[in-house]
Every structure is written in structure tokens, then in C-alpha cells.
Amino acid sequence: MISLIIGRRGSGKTKHLIELVEETVRSSDGNVVCIEKEPKLTYDVNYRVRLIDTDHYAISGYDAFYGFLCGVCAGDHDITDILIDATLRIGGRDYEQLADFLKKADTLCKTSHKKFTFTISADKAELPERIFDFCTIL
């Protein structure tokens, strides 16, 4: 199942994600990846975390984002956790497309045996209810 950190801008989602990254890197038996929209977490996460900036690879839209996640999973079978900041800034603010993307990511999560955590800058009430059939809120 996918985990979501949901809240409006300025509500502390990124700080929560950084704490989760630190906790995960301490407990993981494999590699931890943190994906962000632009390079702003460089000095905030542990050096053992693979930090990836989607702007560097010109990732835009949910189809490209999903393909990118598949490539990350395929490129390193030792990854245990992938944590993503600024999901809506990478994929877009269309909540129905977000729901479709998260459903596909959930399938990827299960087939690749990796844990995914996404930050979503929105209120829970704004998101399609079907998202919570396969996502949990942290």
C-alpha cells in the first residue's frame, strides 16, 4: 500500500517527509530513494539516501512520472523505500489523473516489493475518495 502525507502548503509535509526519510534509512536493509521536484533537500537528508531531482530529467506529467518510477525500480533491485516530495508539482493538479497515477503506482509498489510515500499539497476532502482504497494517510 502507498502512504500519503497530505496537507496544504506550509503545513509541514516536507519536514515530516525528511523525518520519515531519516527513520527509514536507519531501519532499511537496502537502499532508500528520495525524489523531489527541484534540488532543495540536498543538505536535509542523510548522505546514504539516493536523492533524485525530477527537473534534472525533465519529468513532467503523470505518465512521465510513472515511467520514471518504473525505471528507478528496475535500475536497483535493492531499493526498499521510495519517498517523493511535491507530487502535484511534478505530475500536475488534476486530481483524477493523480488518482489514476497512484493506482498504477500501487500496482508497481506490489510487484516491485517497494514502499512508496508521496507528499500531496491538498486537503483530503479535495481528493477523489477512491484514492483511499489503496493509499493510507500518515
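Scroll up a little and you will see the structure.
Residues numbered from 1 in each chain as written. Predicted model: local features only at pLDDT ≥ 70, side-chain atom pairs only at ≥ 80, totals over all residues. Heavy atoms only, no water.

Asks: Looking at this structure, I do not really get the overall build of the protein chain. What am I missing?
Replies: Counting its secondary structure elements, the protein chain contains four helices and six strands. Across the protein chain, helices and strands are ordered from the amino to the carboxyl terminus as β-α-β-β-α-β-α-α-β-β. Over its C-alpha trace the protein chain gives a radius of gyration of 14 Å, about what one expects of a compact globule, namely 14 Å for 138 residues. Projected onto its principal axes, the C-alpha positions of the protein chain cover 35 × 30 × 30 Å. By residue count, 50% of the 138 residues in the protein chain fall in the buried class. When contacts within the protein chain are restricted to residue pairs at least 6 apart in sequence, those whose partners lie at least 24 apart make up 71%. (Helix = DSSP H or I, 4+ residues; strand = E, 2+ residues; numbered from the N terminus. Rg over C-alpha atoms; globule rule 2.2 N^0.38 Å. Buried < 20%, exposed > 50% of the residue type's maximum accessible area, 1.4 Å probe, protein only. Contact = heavy atoms within 4.5 Å.)

Asks: Before we go on, may I ask you to explain the nonpolar core in this structure?
Replies: A general trend in soluble globular proteins is that nonpolar side chains are found buried together. Leu4, Leu69, Ile82, Leu98, Leu102, Phe116 and Phe118 are the most contacted members of the largest nonpolar core, which has 35 residues in total. Of all the elements in the fold, those that place two or more residues in this core are strand S1 (2-6), strand S2 (31-36), helix H2 (62-75), strand S4 (79-84), helix H3 (87-91), helix H4 (95-112) and strand S5 (115-120). The leading source of residues in this core is H4, at eight residues. Leave out the neighbours within four places in its chain, and isoleucine 82 touches Val33, Ile35, Leu69, Val72, Cys73, Lys114, Lys115, Phe116 and Thr117. (Core = buried A, V, L, I, M, F, W, Y, C linked by side-chain atoms within 4.5 Å.)

Asks: How should the layout of surface pockets be read in this particular structure?
Replies: To find the voids left in a structure, one rolls a probe of water-molecule size over its atoms. Here the largest pocket defines a volume of roughly 280 Å³. Looking at the largest pocket, it is lined by 14 residues, and the ones nearest its centre are Arg9, Lys13, Lys40, Arg89 and Ser121. Breaking the lining of the largest pocket down by element, the ones donating at least two residues are helix H1 (13-27) and H3. By residue class, the composition of the lining of the largest pocket is two nonpolar, six polar and six charged. Quantified by volume, the second largest pocket comes out at close to 240 Å³. Lining the second largest pocket are 15 residues, with Leu20, Thr24, Ser27, Asp81 and Lys115 sitting closest to its centre. In terms of residue class, the lining of the second largest pocket is built from five nonpolar, six polar and four charged. (1 Å grid on protein atoms, 1.4 Å probe; cavity = no way out; pocket = protein on both sides within 12 Å on 5 of 7 lines; lining within 4 Å. Points joined across faces, edges and corners; volume = space filled by probe spheres on them. Nonpolar A, V, L, I, M, F, W, Y, C, P; charged D, E, K, R; others polar.)

Asks: When you look at the sheet that holds S2 in this model, what are you seeing that I'm missing?
Replies: Taken together, the six strands give an open sheet; going across it, the order is S3-S2-S4-S5-S1-S6, and neighbouring strands pair in parallel fashion. Each edge of the sheet is formed by a strand with only one pairing partner; in this case those strands are strand S3 (50-53) and strand S6 (135-137). Shown here is a sheet whose adjacent strand axes are inclined to one another by a mean of 20°, direction ignored. Strand direction decides the pairing type here: S2 and S4, joined by five bridges, are parallel. For asparagine 31, the partnering residue across the bridge sits in S4 and is isoleucine 79. Sheet contacts for H2: S2, S3, S4 and S5; angle to S4, the most-contacted strand, approximately 155°. (Pairing = 2+ DSSP bridges. Axes fitted to C-alpha atoms, helices over the stretch in contact; angles between N-to-C directions.)

Asks: Before we go on, may I ask you to explain the packing of H2 against H4 in this structure?
Replies: Between two packed helices, the angle of one axis relative to the other and the distance separating the axes together describe the packing. Close contact between H2 and H4 brings their axes to 10 Å; oriented N to C, the two are set at 10°. Comparing their axes, H4 and H2 come out roughly parallel. When H2 is examined against H4, the residues Tyr62, Asp63, Phe65, Tyr66, Leu69, Cys70 and Cys73 are found in contact with a partner set consisting of Gln97, Leu98, Phe101, Lys104, Ala105, Leu108 and Ser112. Within the contact of H2 with H4, the residues separate by chemical class into ten nonpolar, two polar and two charged. (Parallel < 35°, antiparallel > 145°, perpendicular 65-115°, else oblique.)

Everything listed here is a matter of geometry and, on its own, says nothing about what the molecule does.
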